[in-house]
Structures are given as structure tokens and as C-alpha cells.
Amino acid sequence: MAEKLKYFVNGQFRESKTDKWYDLHNPSTGEITGQAPCCTNDEVLEAIAAAKAAYPGWSATPAIKRAQILYRVRELILERMDELTMSVAKENGKVWAESEGDVLKAKEGTELATQVPSLMMGESIMDASRGYDTVKYREPLGVFAGIVPVNFPAMIPFGWMAPTCIAAGNTLVLKAASLTPKTAMLFAQLYKDAGVPDGVINVVTCSRNEINTILEHPDVKGITFVGSTPVGLKIYEKAAANGKRCQALCQAKNHALVMEDCALERTVAGVINSAFGCAGQRCMALSCCVVQDSIADAFVAELKKQAEKVNCGPAWDKSSRLGPITYEKHYKEVLADIDKGVAEGATLVLDGRNTVVEGYENGYFVGPTIFDHVTADMTIGDEEVFGPVLCI
């Protein structure tokens, strides 16, 4: 029977009373590895209430003390590096080096947050006007909510969001990605072990209905979101309508311009790393190359040559260079995007659709895929594929 995950509120892992669960898969094998709760509305309200209750004491904690606790968070990340890396690999599908990099980015974000005594310093000016001095303070605001995607289970929630949020004296309700929540739960325990007070960090998994509760709740002062553009626009609109601060980081379609005087082999190697790293599942992935005509054919030939050497394999195998797509639905979407590129007339130089890894036949693997002669009016030339697909 699949393990049922708990949610984390007020320093405790609690069993959900929900009747709706998300199946969690190991993308390298396709096997179900557990279930995450779609937390009930009351459980999400518990998380907000815990964060609100923890705020007065935490915001009154001296900045240097908050920094000291975050130093301990950093040390525990290093001590638990292999455990955290394996968690990312098994639930997200990044190969080992990429999964380790995901965790290291969480460490780097934590290191930044330890500088809070200087980052929180205000400004002042004497005699800004006759008889008036001006002083500016940076103060915590209250409860914030973080809503994160599946593709960086460590870096985004615990590198970009949690460290700086709580370092500034705020508290956090984190809506972990419902399909990759295990790493978030390991970090929740890590934060508790480091001495972060109960209620300062709370972690739930839920649906858009409960997210609406977060967006509309008067005790939530701000929202930070990373994910798709359609969802980001809706979150930004609703958060703004409810008077909340909001930042929403959304999709991208990144291009490289390759000129005839480039060092061809080295340029191609860089393009392959950017396009196919993390199986193309990152907003900074290179998805389009615009190549000067005089070297276009040579560039594509070298690109195919090097890409054919990129081996797919299970994420935890340190010899693997390309891991699987994170979950089955998106795996099918990437395959459909490749089909659409062929149907729209692009030249398929390298086809990754029928990639099979021996011993892992049920994994969600898509090999390096290269299209040539892609035009701006084609879907693959205009929209983000979010997979190991490169357009020339």
C-alpha cells in the first residue's frame, strides 16, 4: 500500500482528513511511491492560523538571532545533502548532478538570507527639509504564501522563498507542488531541527480551491508564485484584487543567437547543456537557436552528433546525463508537442520519442529532440515545450 504523506503545520506532521489524494510517481520507473493529500480547506486555514500565531514572536526575534538559526539550516543542508539529492532525483527525475545542484541552490539562498542584519538596514537623512529628519525602516509584514512548481523541489521553495521570507521576520505557508512534495517535507523537518520555531514554516499540498482561500485570506499579506503563465496571471489578478503584494514568475521562450565566428564544438556543447539539462524542464532552458545561414548546416550536424551521445538513464545513476520527464501527463504533452512540430512541417533532425532505457521501460523518458527549419508561426517555435526539445 502506498505511503500517505502528512502535511506540516505548527511544527507537526499531521494526518489529513481529506478524501482526495495525489498519486506520487518515481518518473524513472513509473512506479507509484506514495500519495500526497489534497488538504481540506480547514487544514489550509490551520496553516494560516499557525503562521499568524507565530508571527509576533518571530518578528520580534532579533535579526542576528534569525540569521544564526539560518546558519544552522545551512549546516543541516550540507549534512543531509545525499538524502535531499536522492529525494529530488526520485520524485523529480533530475539526474544526480542536477538534483545535487537543486539542493545546493537552496543552500545558496539560505546563505544570502543569513545576511539579513545588513539586508534589513534602513536609511536616514538629516535635514531633509528644514527641521525635519527622514528615516526609513525595513519591517516584516506578516504571513506570506509560496506556491511552487514541480521542477525545482528544493531551490524554489527553500532557496528563493523560505529563507529570505523568514529571515526578514515573516512567516510562511508553503503550498508544495502536489506531485513532488517529499523534498519539501524533508526541508520542513530540517527547518524544525535547525531551531526554526513552530508555525514559522508550514507546508501543505492542495488544489486550486484551497489556493483561492489563501489568495483571499485577510491574514495573508503577500504571495510569491512560480509556474505557468496562465496560472500566474490568475494568481496575480486575484492577489492584487485582495490587496496583497504579489510576485509571479512565469514561463519563457529563450533564444540563442549563433554567429559564424563562434567556436563551433564548444558552442554546441553549451547549447546542448542548456537545452537538454533538467530534461528541458526549467524556465531558463534554451529552446530556440537562431543560427547564421553560413554555418547553419554545420551547426545542426555537430548538434546532432553531440546530442546522440547524451545518454538517458535513471536519475540516481551518476552516469546518466538526461533524466525522465517529471510526470506522466506532461510526458504525453511533450510527445504531443513533438508530433505537432512534425505535422506543422519542421524538419525532425533527432527524434527522442521512442527512447527506452533498459530496465526502466515504464519511465517517462524523452531523448534529445532537435527540429530544424522552425518558423515563428509554428507552435513549437512560439510556445514553451518544457521538455528536451530544441528548435533551430
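Owing to the predicted nature of the structure, the values given are computational and were not obtained by experimental measurement.

A.B. asks: Give me the overall build of the protein chain: which residues, what numbers.
C.D. replies: Of regular secondary structure, the protein chain possesses 13 helices and 16 strands. With the principal axes as the frame, the protein chain shows a C-alpha extent of 70 × 65 × 40 Å. Within the protein chain, buried positions represent 53% of all 392 residues. Intrachain contacts of the protein chain at a sequence separation of at least 6 include 72% that bridge at least 24 residues. Carbon together with sulfur atoms contributes 51% to the accessible area of the protein chain, which is approximately 18000 Å² in total. Taken as two groups, the 39 positive and 49 negative side-chain charges of the protein chain have centres that lie 6 Å from each other.

A.B. asks: Give a detailed account of the nonpolar core, specifying residues and quantitative values.
C.D. replies: Of all hydrophobic cores here, the largest spans 53 residues; its most connected members are Tyr191, Ile201 and Val203. The element contributing the most residues to this core is helix H6 (residues 155–167), with eight residues. Setting aside residues no more than four positions away along its own chain, Tyr191 makes contact with Val73, Thr110, Phe158, Ala162, Pro163, Ile166, Val196 and Ile201. Grouped together as the second largest cluster of nonpolar side chains are 43 residues, Val268, Val271, Leu322 and Val366 included.

A.B. asks: Tell me what's going on with unusual backbone geometry, and back it up with residues and numbers.
C.D. replies: Backbone geometry places Asn10, a non-glycine residue, at a positive phi of 55 degrees. Relative to the elements of secondary structure, Asn10 occurs in the loop between strand S1 (7–9) and strand S2 (12–14).

A.B. asks: Quick rundown of the pairing of strand S12 (residues 254–258)? Include the residues and the values.
C.D. replies: Because side chains alternate across S12, one face comprises the buried residues Asn254, Ala256 and Val258, and the other comprises His255 and Leu257, none of which is buried. Where S12 meets strand S13 (residues 286–291), five bridges bridge the pair, whose relative direction is parallel. By the bridge assignment, Leu257 is partnered in S13 with Val290.

A.B. asks: Residue-level account of the packing of aromatic side chains, with values.
C.D. replies: For the coordinates displayed, the defined rule picks out five aromatic pairs. When the ring of Trp316 is compared with that of Tyr360, the centres are 6.0 Å apart and the planes differ by 70 degrees; the resulting orientation is edge-to-face. With Trp316 in the loop between helix H11 (293–307) and helix H12 (328–343) and Tyr360 in the loop between strand S14 (347–350) and strand S15 (369–372), this residue pair connects regions lying 44 residues apart in the sequence. The ring of Trp21 has Lys4 lying over it, and the distance from NZ or CZ to the ring centre is 4.2 Å. Against the face of Phe152 rests Lys94, its NZ or CZ located 3.9 Å from the ring centre.

A.B. asks: Break down a negative patch on the surface for me, citing the residues and quoting the values.
C.D. replies: Together, Glu344, Asp377, Asp382 and Glu383 make up a region of like negative charge exposed at the surface. Within the secondary structure, Glu344 sits in the loop between H12 and S14.

A.B. asks: Explain the pattern of salt bridges residue by residue, including any values.
C.D. replies: The full count for this structure, using the stated rule, is 16 salt bridges. Note that Glu111 and Arg74 form a salt bridge whose closest N and O atoms lie 2.7 Å from each other. Highlighted residues: Glu111 in helix H4 (residues 96–113) and Arg74 in helix H2 (residues 63–79), separated in sequence by 37 residues. Here Lys136 ties to Glu123 by a salt bridge, and the two come within 3.6 Å at their closest N and O atoms. Residue Lys136 is found in strand S6 (residues 132–136), and its partner Glu123 is found in strand S5 (residues 123–129); the two are separated by 13 residues along the sequence. In this structure Lys136 comes out as partly exposed when scored by relative accessible area, which is 40%. Beyond isolated ion pairs, a larger network of salt bridges with shared partners links Arg74, Glu75, Lys107 and Glu111.

A.B. asks: Tell me about H4, and name the residues and values.
C.D. replies: Note: α-helices contain 3.6 residues per turn, so residues at a spacing of three or four share the same orientation. In this model, H4 (18 residues) spans 26 Å end to end at C-alpha, consistent with the 26 Å of a helix rising 1.5 Å per residue. Of the residues making up H4, those classed as buried are Trp96, Glu98, Ser99, Asp102, Val103, Ala106, Lys107, Gly109, Thr110 and Ala113. The inward-facing, buried residues of H4 abut H2, helix H3 (81–92), helix H5 (116–119), H6 and helix H7 (182–193).

A.B. asks: Give a detailed account of the packing of H4 against H6, specifying residues and quantitative values.
C.D. replies: Contact geometry for H4 and H6: axes closest at 8 Å, N-to-C directions at 15 degrees. Taken together, the axes of H4 and H6 lie roughly parallel to each other. Every pair of crossing elements has a handedness; the one defined by H4 and H6 is right-handed. Taking contact as the criterion, the partners of Asp102, Lys105, Ala106, Gly109, Thr110, Leu112 and Ala113 in H4 are, on H6, Met155, Phe158, Gly159, Pro163, Thr164 and Ala167. Residues of the contact of H4 with H6, tallied by class, amount to seven nonpolar, four polar and two charged.

A.B. asks: Describe the environment of Val203, and please don't skip the residues or the numbers.
C.D. replies: One can find Val203 in strand S9 (residues 201–204). Along the backbone, Val203 and Asn273 are 70 residues apart, and their C-alpha atoms lie at a distance of 33 Å. Aside from chain neighbours lying at most four places away, what touches Val203 is Tyr7, Phe8, Leu174, Ala176, Ala184, Met185 and Ala188.

Thresholds, definitions, all that
Residues numbered from 1 in each chain as written. Predicted model: local features only at pLDDT ≥ 70, side-chain atom pairs only at ≥ 80, totals over all residues. Heavy atoms only, no water. Helix = DSSP H or I, 4+ residues; strand = E, 2+ residues; numbered from the N terminus. Buried < 20%, exposed > 50% of the residue type's maximum accessible area, 1.4 Å probe, protein only. Contact = heavy atoms within 4.5 Å. Areas by Shrake-Rupley, 256 points an atom, 1.4 Å probe, with all protein chains shown as cover. Lys, Arg positive; Asp, Glu negative; His and termini not counted. Charge placed at Lys NZ, Arg CZ, Asp CG, Glu CD. Core = buried A, V, L, I, M, F, W, Y, C linked by side-chain atoms within 4.5 Å. Pairing = 2+ DSSP bridges. Phe/Tyr/Trp six-rings, centres within 6.5 Å; stacked < 30°, edge-to-face > 60°. Lys NZ or Arg CZ within 6 Å of the ring centre and 35° of its normal. Patch = residues over 30% accessible without salt bridge, like charges linked within 9 Å, V, L, I, M, F, W, Y side chains within 5 Å. Salt bridge = Lys/Arg side-chain N within 4 Å of Asp/Glu carboxyl O. Expected span 1.5 Å × (residues − 1). Axes fitted to C-alpha atoms, helices over the stretch in contact; angles between N-to-C directions. Parallel < 35°, antiparallel > 145°, perpendicular 65-115°, else oblique. Left-handed = near helix turned anticlockwise from the far one by under 90°. Nonpolar A, V, L, I, M, F, W, Y, C, P; charged D, E, K, R; others polar.

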